[in-house]
Amino acid sequence: MNRRIDPNGTIVILTGAGISRESGLDTFRCEGGIWAQVDLEDVATPEGFQRNPKMVQDFYNARRAQLVEEKPQPNPGHLALAKLERDWPGRVLIVTQNIDNLHEEAGNKNIIHMHGELLKITCTQCDSVRPWDQDLHIDTSCPSCHNIGTLRPHVVWFGEMPLQMEEIYDALEDADLFMSIGTSGNVYPAAGFVQAVKQMGGCHSVELNLDPSNGATLFDETVYGPASEVVPAYVDALLKNG
């Protein structure tokens with residue numbers, strides 16, 4: 001940490017797959033992982049869902065069951081961010097690209113899941129969103145409008161607009177510190193957040209990552225290593241020194 005941050009300032013933290021991978025969850029880019037065994041065009045696009053809704057539901061049922069039955073645990077990186085939210089005098093907002101619930105399990109409260117949540121479903125007919133921890137089938141009726149065949153995972157697929165973007169950019173405009181953790185810098189609009197805070201001015205930016213991301217040169221500060229190691233160390237220094 002090479003710049004002092006206003007202790008009452010706002011911290012916005014972008015998290016990506018790198019922080020969840022250390023809790024044992026597969027990511028899009030894990031070689032040999034479950035996502036590498038499917039064509040993303042088939043399971044992560046609206047067109048794939050239209051072509052074969054049963055296959056898509058079955059795929060996400062298995063991902064959901066992993067969270068419910070195996071109960072992966074937050075790692076020290078998650079726990080450090082929960083500590084930061086709890087102990088920092090100002091506002092701390094987690095903006096996550098991850099669809100798991102590990103930030104919630106760690107204790108974070110102020111979270112935006114910009115790519116949706118695996119433990120929720122949404123109805124394409126009435127737009128209702130509700131918690132869901134069971135299998136979802138093509139003949140499951142919507143608990144709100146009772147239509148059949150209208151439910152889908154509450155997950156943002158390729159080609160769809162991420163959630164709560166206006167709220168995210170408002171927070172970035174107010175931020176005194178922007179942290180990017182475990183992201184590749186390949187997926188937009190999240191990959192453009194560091195450029196956005198640079199253009200807004202006045203915000204310090206730091207990348208905490210296993211390796212440099214595609215946008216690494218845009219950050220004011222970079223720290224590389226496993227999230228379970230570098231995030232707790234950075235949070236401790238931030239809470240101690242501001």
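Anyway, here's the lowdown on the structure attached to this text. Treat the numbers as computed from the prediction; the structure is a model and nothing was measured. (Residues numbered from 1 in each chain as written. Predicted model: local features only at pLDDT ≥ 70, side-chain atom pairs only at ≥ 80, totals over all residues. Heavy atoms only, no water.)

Another point: the pattern of salt bridges. Within this structure, the stated rule accounts for six salt bridges. With its nearest N and O atoms 3.0 Å apart, the salt bridge here joins Lys83 to Asp236. A residue pair is termed long-range when its members are at least 10 positions apart, and Lys83 in helix H5 (residues 76-87) and Asp236 in helix H9 (residues 227-241) qualify at 153 residues. Relative accessible area serves as the criterion here: at 40%, Asp236 is assigned to the partly exposed category. Across the pair Asp87 and Arg86 runs a salt bridge whose closest N-O atoms are separated by 3.5 Å. Here Arg86 falls in the exposed class, since its relative accessible area comes to 59%. (Salt bridge = Lys/Arg side-chain N within 4 Å of Asp/Glu carboxyl O. Helix = DSSP H or I, 4+ residues; strand = E, 2+ residues; numbered from the N terminus. Buried < 20%, exposed > 50% of the residue type's maximum accessible area, 1.4 Å probe, protein only.)

Right, let's get into the sheet that holds strand E7 (residues 177-181). Read from one edge of the open sheet, six strands run E3-E2-E1-E7-E8-E9, paired in parallel fashion. One side of each edge strand has no neighbouring strand; the edge strands of this open sheet are strand E3 (111-113) and strand E9 (221-224). Across the sheet, the mean angle separating the axes of adjacent strands is 15° when strand polarity is ignored. Pairing of strand E1 (residues 11-15) with strand E2 (residues 92-96), which is carried by five bridges, proceeds in the parallel orientation. Residue pairing across strands places Thr15 opposite Thr96, the latter belonging to E2. Helix-sheet contacts for helix H8 (residues 193-200) involve E1, E2, E7 and strand E8 (204-209), and the interaxial angle to E7 is about 165°. (Pairing = 2+ DSSP bridges. Axes fitted to C-alpha atoms, helices over the stretch in contact; angles between N-to-C directions. Contact = heavy atoms within 4.5 Å.)

Secondary-structure assignment places Lys109 in the loop between helix H6 (102-106) and E3. By relative accessible area, which is 71% here, Lys109 ends up exposed. Each C-alpha atom of the pair Lys109 and Leu93 lies 8.6 Å from the other, and the pair is 16 residues apart in sequence.

What is shown is where atoms sit, not what they do.
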